[in-house]
Amino acid sequence: MAAVMKQVEVQIMGQSYLLGCPEGGEQRLLEAVEKVDTAMCKIRDAGKVKARDRIAVLAALNLAFDVADRQDAQPSAVAPAASRASAKDSLPERELADPRLTALLHRLDQALGDDGRLL
């Protein structure tokens, strides 16, 4: 028997999306949408990136790095407040702190080119 999917309308950076999620998964979906919306708005509001697709890619990279940072942390240790705050610093500060991110963003900019299109 197929899982029942529920349609949920959400807003990310002022744009509406109709998303499917499994029955009972609405709260997790809304929490994820909140994280994505916050990350994208933060990048947009910094004013350096205007194209929505670039903002989405940078937000995805930031969120992926946050997940990787949590996975790298020891499970029994709780990250100190200063460490948690640094994971949410603005993009330029994170670029300086992590050369892998700088290299990845450079490659992304090269791949996207001047037109800012992913495809």
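This structure is a prediction, so every number in the text was calculated from the model and none was measured.

**With respect to the overall build of the protein**
Of regular secondary structure, the protein possesses five helices and two strands. Within the protein, counting contacts between residues at least 6 apart in sequence, those at least 24 apart form 43% of the total. Carbon and sulfur atoms form 58% of the exposed surface of the protein, whose accessible area is close to 8600 Å².

**Points about the side chain of E26**
Tracing the backbone shows E26 in helix α1 (residues 26-46). Apart from residues lying up to four places away in sequence, E26 is in contact with K6, V8 and C21.

**Observations regarding α1**
A turn of α-helix holds 3.6 residues, and therefore any two residues three or four places apart point the same way. Taking 1.5 Å of rise per residue, the 21 residues of α1 would be expected to cover 30 Å, and the 30 Å separating its terminal C-alpha atoms lies within 8% of that figure. Buried residues of α1: E26, L29, V33, D37, A39, M40, C41 and I43, and no others. Buried residues in α1 make contact with β1 (5-12), β2 (15-22) and α2 (52-72). Looking one or two places after α1, you find G47, whose phi comes out positive at around 85°.

**Let's talk about the pattern of salt bridges**
Counted according to the given criterion, the structure contains two salt bridges. For K6, the salt bridge goes to E26, with nearest N and O atoms at 3.4 Å. Of the two residues, K6 is situated in strand β1 and E26 in helix α1; the sequence distance between them amounts to 20 residues. Looking at K6, the relative accessible area reads 34%, which means it is partly exposed. With a shortest N-O distance of 3.0 Å, R44 and D45 are connected by a salt bridge. Classification of R44 by relative accessible area gives partly exposed; the value is 34%.

**Describing the environment of V4**
If you trace the backbone, V4 turns up in the segment before β1. When the C-alpha positions of V4 and P22 are compared, they lie 5.9 Å apart, and in sequence the two are 18 residues distant.

**What about the pairing of β2?**
Walk down a regular strand and you will see the side chains alternate between the two sheet faces. Here β1 pairs with β2 via eight bridges, running antiparallel. Within β2, the position partnered with Q11 by the bridge is S16. A loop of two residues connects β1 with β2, the two strands running antiparallel in sequence, and M13 in this loop sits at a positive phi of about 50°.

**Looking at the nonpolar core**
The nonpolar side chains of a soluble globular protein tend to be buried with one another. In terms of nonpolar packing, the biggest core is built from 17 residues, with M13, M40, I43 and I55 touching the most fellow members. Of all the secondary-structure elements, those providing two or more residues to this core are β1, α1 and α2. At six residues, α1 tops the list of elements feeding residues into this core. Residues within four places of M40 in sequence aside, it is in contact with I12, M13, R52, I55, A56 and A59.

What counts as what
Residues numbered from 1 in each chain as written. Predicted model: local features only at pLDDT ≥ 70, side-chain atom pairs only at ≥ 80, totals over all residues. Heavy atoms only, no water. Helix = DSSP H or I, 4+ residues; strand = E, 2+ residues; numbered from the N terminus. Contact = heavy atoms within 4.5 Å. Areas by Shrake-Rupley, 256 points an atom, 1.4 Å probe, with all protein chains shown as cover. Expected span 1.5 Å × (residues − 1). Buried < 20%, exposed > 50% of the residue type's maximum accessible area, 1.4 Å probe, protein only. Salt bridge = Lys/Arg side-chain N within 4 Å of Asp/Glu carboxyl O. Pairing = 2+ DSSP bridges. Core = buried A, V, L, I, M, F, W, Y, C linked by side-chain atoms within 4.5 Å.

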